[in-house]
Amino acid sequence: MVRLASAVGLLGLIAASLMIGAADLKSGSVDADLLVWVSRIPRTAAALLAGAGLALAGSVVQLAVQNRLVEPGLTGTPEAAMAGLLAITLIAPGAPLMLKMLAASIAAMAGTAGFLILARHVPRQDPMLLPLVGLIYAGILGAGVTWVAWTTDLMQYLGVWQAGEFSGVLRGRYELLWLIAALAGLLYLLADRITILGLGEDRARSLGLNARQTMLAGLAIVAATVAAVVVTVGTLPFVGLVVPNIISRWRGDNLRRNLPLIAVSGGAVVLAADLIGRVIRWPYEIPAGTVFAVIGAGLFLWLLYAAPRPAGQNG
Amino acid sequence: MIRIENLDLTLDGAPILQGIDTEIPASGLTAVIGPNGAGKSSLLHCLAGLVRPTQGRVLIDGIDIPAAKPAERARRVALLSQGSPALPRLTVAELVGFGRWPHHQGRPSSEDHRLVQASIDCFDLDPLAHRRLETLSGGQRQRAFVAMAHAQTTPWMLLDEPLAALDPRYARDIMDRLCTLSRPGPEARSIVVVLHDLAMAVRCADWVVSLKDGRLVQSAPRAEALTSRNLSDLFEAEILVDEVQGRPVAVLA
């Protein structure tokens, strides 16, 4: 039932995404085939992949620090990726995309590792503390990035990386995002290990898991995913927070069981946000990141307040 | 048998355990007791191979545990450590199922499923098997975690204060179950439990390891170790061990 419903929902969104845009496919004034192949399909795929990747990255980060209230946007990962991009742009302005992606991934990994080290020293009694620490950490990294971009006259680039939007997605300029599909496959193989990590380091190690190695693998997947999203379409807040939380409430905490649903839901909500952004002031567009920030913030507040935690449960 | 040879543990320059040298017999249930800060949890972590001793060796059934590979270690020793309940939305069956992970690494066989069910049954969790941990009471949840350690089917089970914050009835249920498991038989387990509740130690332990300030005070059979005098010295408070209706009890004077 769940599978059928999500498949139908997703196909509906995809169909809508292919149909809707500033140009009318049936007017005859544009080459409809060309438009669909060059713009609409890449755009739809980009939204699905970015959303799926960010939702999965959110799940991994949440299990790694055993806190459901964090997401890549609250661990300094996108800001660190931007720092890497900025650095490579300054050092080698004409670097090919793969090199830029590599620089962003490495920087994102370092930035996330910094957060994980910080997280070890944050008391666990209050689950709200860690996201606040992450917010400040990301803010500090972001401020540093902005300062460098400002002094080197690269603010324009920064604006593109910060605001997730899909109107610029064309064939030949988004394919890097398919890396996320490969990473999701890898994650599926590691899913049990990452769930066990979520039981806490002691329990994980007692089960014979190499906790550090697993943490590192998860970290690399998160960093590469976020870097790919930042490089191609720009970062999207809240996706990694809201989607895993809703799925966890509904279907539990077993990552392997939920991974396909998390990926599909993440893709669907980002595609929906992009669609809303396309139609709300047609023929102009609002970035999907902006649309989702509004919806996501609302959902996040609902997650925090609407459903009370059961007695005796402290996160 | 666990053989602890000249074990020292220093963390951040502070001596946690010093010169521990003793043996723990494989048969029966061993209680580790001592005042707060005595090093009981640290000792258990060393025995489980999660903390590498600064000096000395830990041999479990002849195998050097700190040097063993993680997967090999996890098939010999299961440790249930203290800690906040993570992953509240796992079901009991999923949690207990992860106990089999060291054996199948993600590809459970029908034998693994059978053993998970056996552990669920062993701790009377069958009616709760598909409930999420967040919906259970503290006692039920603790039973689920003990069942997970049980499902690891290791010859040795180490439990760090499994009775913390449990009502007397739940505490007794878990302890009696562990007692039964440690009795000789084809599926007998060697069990080492850190206990704060002396009444439980007196009631269930076969062997007692007493620690104080990171040093071994005594490692002896229950009757020898759990006397009024020994306990009073160990805890620096007058404790009486006596019999009520034919059962040994320990009370604060």
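Shown above is the structure to which this text applies.
Residues numbered from 1 in each chain as written. Chains lettered and ligands numbered in written order. Predicted model: local features only at pLDDT ≥ 70, side-chain atom pairs only at ≥ 80, totals over all residues. Heavy atoms only, no water.

Undergrad: Sorry, what's going on with the overall build of chain A here?
TA: A count of helical and extended segments in chain A gives 12 helices and 0 strands. Its C-alpha radius of gyration of 19 Å places chain A within 12% of the 20 Å reference for a compact globule of 315 residues. Oriented by its inertia axes, the alpha-carbon framework of chain A measures out at about 65 × 55 × 35 Å. Residues counted as buried form 51% of the 315 residues belonging to chain A. Restricting the contact set of chain A to residue pairs at least 6 apart, pairs at least 24 apart contribute 76%. For chain A, the accessible surface area stands at approximately 14,100 Å², while carbon and sulfur atoms represent 69% of it. Distance between charge centroids for chain A: 8 Å, based on 21 positive and 15 negative side chains. (Helix = DSSP H or I, 4+ residues; strand = E, 2+ residues; numbered from the N terminus. Rg over C-alpha atoms; globule rule 2.2 N^0.38 Å. Buried < 20%, exposed > 50% of the residue type's maximum accessible area, 1.4 Å probe, protein only. Contact = heavy atoms within 4.5 Å. Areas by Shrake-Rupley, 256 points an atom, 1.4 Å probe, with all protein chains shown as cover. Lys, Arg positive; Asp, Glu negative; His and termini not counted. Charge placed at Lys NZ, Arg CZ, Asp CG, Glu CD.)

Undergrad: Teacher, can you tell me more about the pairing of strand β2 (residues 14–24) of chain B here?
TA: All names here are of chain B. Here strand β1 (residues 2–11) runs beside β2; their pairing, made up of 7 bridges, is antiparallel. Counterpart to Leu7 in the pairing with β2 is Ile20. Where β1 hands over to β2, the hairpin turn is made up of 2 residues, of which Asp12 adopts a positive phi near 50°. (Pairing = 2+ DSSP bridges.)

Undergrad: Looking at this structure, how should I read the packing of helix α1 (residues 2–19) of chain A against helix α2 (residues 32–65) of chain A?
TA: Residue and element names in this part refer to chain A. For the pair α1 and α2, interaxial distance at closest approach is 8 Å and the crossing angle is 140°. Comparing the axis directions of α1 and α2 gives the class oblique. Crossing of α1 against α2: the hand is right-handed. Counting all contacts with α1, which are made through Leu10, Ile14, Ser17, Leu18 and Met19, the residues of α2 involved are Arg40, Ile41, Thr44 and Leu48. For the contact of α1 with α2, a count of residues per class yields 6 nonpolar, 2 polar and 1 charged. (Axes fitted to C-alpha atoms, helices over the stretch in contact; angles between N-to-C directions. Parallel < 35°, antiparallel > 145°, perpendicular 65-115°, else oblique. Left-handed = near helix turned anticlockwise from the far one by under 90°. Nonpolar A, V, L, I, M, F, W, Y, C, P; charged D, E, K, R; others polar.)

Undergrad: So what exactly am I meant to see when it comes to the side chain of Asp112(B) here?
TA: All names here are of chain B. Position of Asp112 among the secondary structure elements: in helix α5 (residues 110–122). For Asp112, a relative accessible area of 6% puts it in the buried group. A polar contact is formed between the side chain of Asp112 and the backbone nitrogen of Ser109, at a distance of 2.9 Å. Once residues lying within four places of it in the same chain are set aside, the contact partners of Asp112 are Arg100, His103, His104 and Arg107. (Polar contact = N/O pair within 3.5 Å; in protein donor to acceptor, adjacent residues only side chain to side chain.)

Undergrad: What should I look at first to understand the side chain of Glu161(B) in this one?
TA: Mapped onto the fold, Glu161(B) is located in the loop between β7 (156–160) and α7 (168–182). In contact with Glu161(B), other than residues within four places in its own chain, are Gln82(B), Gln142(B), Val194(B) and His196(B).

Undergrad: Help me understand the sheet that holds strand β6 (residues 77–80) of chain B in this model?
TA: Sheets are built from strands that pair by backbone hydrogen bonding, the pairs being arranged parallel or antiparallel. Residues and elements named next belong to chain B. Spatial strand order, β6-β7-β8-β3-β9-β10: 6 strands in an open sheet with mixed pairing. Every interior strand has two partners, whereas the edge strands, β6 and β10 (215–221), have only one. Across this sheet, the average inter-strand angle for adjacent strands is 15°, counted without regard to direction. In this fold helix α10 (residues 228–235) packs onto β3 (29–33), β9 (207–212) and β10, with an angle of close to 30° to the strand it touches most, β9.

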